[in-house]
Each structure stands twice: as C-alpha cells, then as structure tokens.
Amino acid sequence: MASQQLTVVLYHYPYSPYARRVLWYLHLRGIPFTQCVQPPIMPRQDLLRLSITHRRIPILSIGRDIYLDSRLILQKLEQAFPPSETYPALSAPSPSSPESALLESLLRSKAIDNGLFASGAKLIPTTLPLTKDPKFQKDRADFFGPGPGSGSEAAGQVAEALADIKAHFELLEGTIFSDNRSWVLGGTPEEKGPSMADIEAVWVLHWLTTLPGALGPKGYISAEKFPRVFGWIARFDNAVKASKNKHKGVQSSVVKGDEAERIIRSAGLNEKDWDKKGVDTTEPIVTALGLERGGLVEAWPTDTGVGHRDLGVLVGLDGKEVVIEKVETKGWSGGNVESDGKGNVRVHLPRHGFRVRAVKAGGKGSNL
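So, how was this worked out
Residues numbered from 1 in each chain as written. Predicted model: local features only at pLDDT ≥ 70, side-chain atom pairs only at ≥ 80, totals over all residues. Heavy atoms only, no water. Core = buried A, V, L, I, M, F, W, Y, C linked by side-chain atoms within 4.5 Å. Buried < 20%, exposed > 50% of the residue type's maximum accessible area, 1.4 Å probe, protein only. Helix = DSSP H or I, 4+ residues; strand = E, 2+ residues; numbered from the N terminus. Lys, Arg positive; Asp, Glu negative; His and termini not counted. Salt bridge = Lys/Arg side-chain N within 4 Å of Asp/Glu carboxyl O. Polar contact = N/O pair within 3.5 Å; in protein donor to acceptor, adjacent residues only side chain to side chain. pLDDT = per-residue confidence, 0-100. Contact = heavy atoms within 4.5 Å. Arc of directions from axis to C-beta. Axes fitted to C-alpha atoms, helices over the stretch in contact; angles between N-to-C directions. Parallel < 35°, antiparallel > 145°, perpendicular 65-115°, else oblique. Left-handed = near helix turned anticlockwise from the far one by under 90°. Nonpolar A, V, L, I, M, F, W, Y, C, P; charged D, E, K, R; others polar. Pairing = 2+ DSSP bridges.

Q: Is there a simple way to explain the nonpolar core in this structure?
A: Nonpolar side chains in soluble globular proteins generally cluster together in the buried interior. If you look at the biggest cluster of nonpolar residues, it comprises 61 residues, and the most contacted ones within it are Leu60, Leu77, Ile165, Phe169, Leu208, Val229 and Trp232. Tallying contributions element by element places helix α9 (residues 196-209) first for this core, with ten residues. Within the second largest apolar cluster, 31 residues are counted, among which are Val9, Ile66, Val255 and Val356.

Listed below in structure tokens is the structure:
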C-alpha cells in the first residue's frame with residue numbers, strides 16, 4: 001500500500017457514535033486526515049458526487065479506495081499506517097496475546113452484532129431538538145424501520161434497553177475492571193494508553209453518557225454505582241483530548257464536497273493488489289450467484305439502511321471483503337476494470353453484514 005502518500009478523507013457528522021470510533025483512532029495515533037462534514041439526514045450530496053448511495057456514516061477514503069463500515073475502516077487504517085515513530089501504535093500487551101485479540105473481537109461483536117448499540121439507540125432522548133424534527137424522524141424511520149410509536153409499548157422498550165445497558169455496566173465493573181486496572185488490557189495511565197479493545201468497549205457507553213437523561217432515572221446507572229467504569233470512560237476521554245491537542249494544527253483540515261471529490265478522484269489507489277487477487281472462485285457465493293470480475297453487481301447492508309444499494313462493477317471478492325468500482329454502467333456488458341483509469345473510485349465493503357448480488361446489464365443500470 002502507498003497509503004502514507006495518499007490523503008485520508010473522512011465523511012462524518014460530529015455526533016455519530018460510529019464516526020467517533022474512527023475519529024478517536026485517528027486522533028490517538030496522530031494520523032493526518034481531511035474531514036468532509038455531512039448532514040445527519042439524507043440526502044448527502046457530497047457522497048452522491050462519488051456515486052455512493054450507502055447511507056451509513058462514517059465513510060473513509062484512502063486515495064481512490066473508499067471504505068464502508070467502521071469495522072472495515074479501522075482494519076484498513078491499521079494496515080495502511082503500520083506502527084512507526086511518526087504514527088505510534090495504540091497500546092497493546094507486550095507481547096501481544098491471542099487472548100487480547102479475542103477479547104477485542106468479542107467486545108466489537110457485543111457492541112455491534114449482539115445488540116448493545118441497538119439498545120443504546122432506543123435511549124436517545126426524545127426531548128432533544130433534533131429528535132423532535134419531523135425530517136429527522138422520517139429519516140430514522142427509513143434507516144431503522146418503523147419504531148414502537150408511543151405509549152406503553154415505547155416505554156416498555158426503553159425500560160428493556162436500560163436493563164441491557166445496565167447489565168453491560170455491571171459486566172465491565174465486575175470483571176475487566178474488578179482489579180482496578182486503568183485500561184481494558186491492563187496497565188496504569190502512566191504506563192499505557194487506550195488500546196483498540198478500549199475503543200471497542202467504550203464507544204456505546206461514552207455516547208450515552210453525553211446524552212442528558214439517556215441513562216434512566218437518577219441513580220439507576222451512575223458513577224456511584226459503577227465508579228470503575230465511569231472512571232475508565234473519563235480516562236479514555238482525557239487521553240483522546242490530550243492526543244488531539246498534541247496534534248492540533250497538523251492533523252486535520254475541513255473541506256467541502258467538491259474539494260473532497262477532487263482530492264479523491266485525482267489520487268492513486270491504496271490497494272492495487274485487488275487487480276491481481278480478483279474474485280476468489282473458491283468462495284461458495286461466487287458459484288451460487290455466478291459472480292465474476294467485471295460483472296455488474298449491487299451491494300448493501302443487511303441490518304439498517306438496506307434500501308440504499310451501491311451499484312458497480314465487481315473488482316474483487318474473498319471471504320472477508322467485496323470491492324466494486326463505480327463506472328458508467330449503462331449498457332455495461334462486462335470487461336476489464338482498469339486500476340488507473342478515469343479517476344473511478346473503488347468501494348470496499350465487508351462480507352460480514354453486507355450482501356452482494358449480480359445485476360443484469362441494462363436492468364438497473366445508471367450513470368455511476
């Protein structure tokens with residue numbers, strides 16, 4: 001990868017909890033990036049400039065490679081910016097252990113796949129100005145699907161969500177932090193800083209502590225009941241702020257959508273090796289769906305925002321990732337995808353949580 005010579009562009013809006021995961025990582029490691037701040041609701045014209053219809057934030061580009069889903073984004077940043085004197089690694093056990101890698105993975109799965117964030121989303125206060133906005137309400141109904149409405153059913157779901165979040169506080173207080181460690185993987189603030197495991201564990205809880213009233217009645221979830229967890233959240237917040245201040249003025253800039261597009265389309269690719277890897281024909285989905293490099297496909301998430309599908313030409317696929325190139329697809333009949341041609345962008349999606357299907361040329365073609 002030639003990533004350290006390519007500009008990192010992050011599309012996000014400031015109070016997205018998923019975007020904070022990526023922002024924290026960038027700040028903690030001092031990786032320079034450019035921001036293109038988006039509205040919290042659709043449409044997002046800046047992304048349509050790149051023919052991206054995926055509606056979830058954050059989205060990050062390294063050169064002309066564009067990555068969807070915060071899990072994939074963090075993985076690609078780890079690969080693109082290996083530990084160095086310029087970009088020190090996040091804290092980790094020395095030596096690293098399979099157990100710490102497993103814990104990080106389980107915490108990530110707990111938050112995203114096993115409902116912790118979904119419970120947290122039900123606790124967003126309805127009294128916030130944004131949540132009162134009919135446009136926001138309509139947008140989130142498109143994103144999540146119909147809500148519980150109002151009355152006892154809605155109140156019951158909030159109560160259930162509070163119990164889920166409280167149980168998670170109890171789990172962390174009584175296990176990981178029961179020995180008064182400072183970070184998920186151990187160590188004191190003087191010895192170590194936060195690791196990727198801390199990012200995976202903290203983001204939902206940190207987000208909820210910033211929303212007035214989200215943690216239920218006074219005293220239900222509090223620093224008095226969970227002093228170790230609340231102390232850890234504060235330490236993490238301070239560590240991010242300190243690192244952000246350390247790199248202030250040299251780490252990030254903010255651009256408009258037209259400038260972000262120019263930066264991306266004029267750059268090279270971060271991952272040219274997909275031209276050699278192509279489509280892994282041993283993957284069962286390739287045979288099941290008749291997928292082939294150069295064929296027209298569409299891809300979309302399977303949980304939220306399912307109605308927003310990205311159409312393009314299949315560049316590569318393996319057990320973990322799908323890569324499509326945004327090209328002029330009207331009348332496309334298949335063929336080679338050039339890695340250095342026409343400023344086309346390549347969109348990377350994880351296999352986990354996303355679906356890919358072949359599309360007949362001319363059937364749903366559009367100008368991409």
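There's more to say after this.
Q: Looking at this structure, I do not really get the side chain of Arg64. What am I missing?
A: Positionally, Arg64 belongs in the loop between β3 (59-62) and β4 (65-68). No salt bridge is formed by the buried Arg64; its nearest oppositely charged neighbour, Glu325, is found at 5.4 Å. For Arg64, the side chain forms a polar contact with the main-chain oxygen of Asn344, separated by 2.6 Å.

Q: Please clarify how the confidence of the model for the protein chain should be interpreted in this entry.
A: Caution applies to low-pLDDT regions: their predicted coordinates should not be interpreted in detail. Within the protein chain, residue pLDDT values average 90, and 91% of them lie at 70 or more. pLDDT under 50 marks residues 364-368. Its contacts with residues more than four places away, or in other chains, come to 19 contacts.

Q: What exactly am I supposed to notice about helix α11 (residues 257-265) here?
A: Since one α-helical turn is 3.6 residues long, residues separated by three or four positions face the same way. Along α11, the residues classified as buried are Gly257, Ala260, Glu261, Ile263 and Ile264. Around the axis of α11, the buried residues are gathered within 160 degrees of arc, so they sit on the same side. Buried positions along α11 lie against β1 (8-12), β2 (33-37), α2 (45-48), β3 and β4.

Q: Honestly, the packing of helix α1 (residues 17-29) against α9 in this entry has me stumped. Any pointers?
A: A pair of packed helices can be characterised by two numbers: the angle between their axes and the separation between those axes. Interaxial distance between α1 and α9 falls to 10 Å at its minimum, and their mutual angle equals 140 degrees. With respect to their mutual orientation, α1 and α9 come out oblique. In the packing of α1 onto α9, the handedness of the crossing is right-handed. In contact with Pro17, Tyr18, Arg20, Arg21, Trp24, Tyr25 and Leu28 of α1, α9 contributes Met196, Ile199, Glu200, Val202, Trp203, His206 and Trp207. Class assignment for the residues of the contact of α1 with α9 results in ten nonpolar, one polar and three charged.

Q: Is there a simple way to explain the pattern of salt bridges in this structure?
A: When their charged atoms lie close together, side chains carrying opposite charge are able to pair. What the rule picks out here adds up to 23 salt bridges. The shortest N-O distance in the salt bridge between Glu261 and Arg49 comes to 3.2 Å. In this pair, Glu261 is assigned in helix α11 and Arg49 in the loop between α2 and β3, connecting sequence segments 212 residues apart. By relative accessible area, which is 39% here, Arg49 ends up partly exposed.

Q: Is there a simple way to explain the side chain of Ser91 in this structure?
A: Along the chain, the position of Ser91 falls in the loop between α3 (70-80) and α4 (98-112). Here Ser91 falls in the buried class, since its relative accessible area comes to 16%. At a separation of 3.3 Å, a polar atom in the side chain of Ser91 contacts the main-chain carbonyl oxygen of Gly193. In this structure Ser91 touches Lys192, Gly193, Pro194 and Ser195, once residues within four positions along its chain are discounted.

Q: What should I look at first to understand the pairing of strand β7 (residues 310-317) in this one?
A: Moving residue by residue along a regular strand, the side chains alternate between the two faces of the sheet. With respect to burial, β7 is a largely interior element, eight of its eight residues being buried. Sheet topology places strand β6 (residues 296-301) next to β7; four bridges connect them, and they run antiparallel. Of the residues in β7, the one forming a bridge with Val297 is Gly312. As defined by bridge partners, β7 adjoins strand β8 (residues 321-325) across four bridges and the pair is classed as antiparallel. By the bridge assignment for β8, Leu314 is matched with Ile324. Between the antiparallel neighbours β7 and β8 lie three residues.

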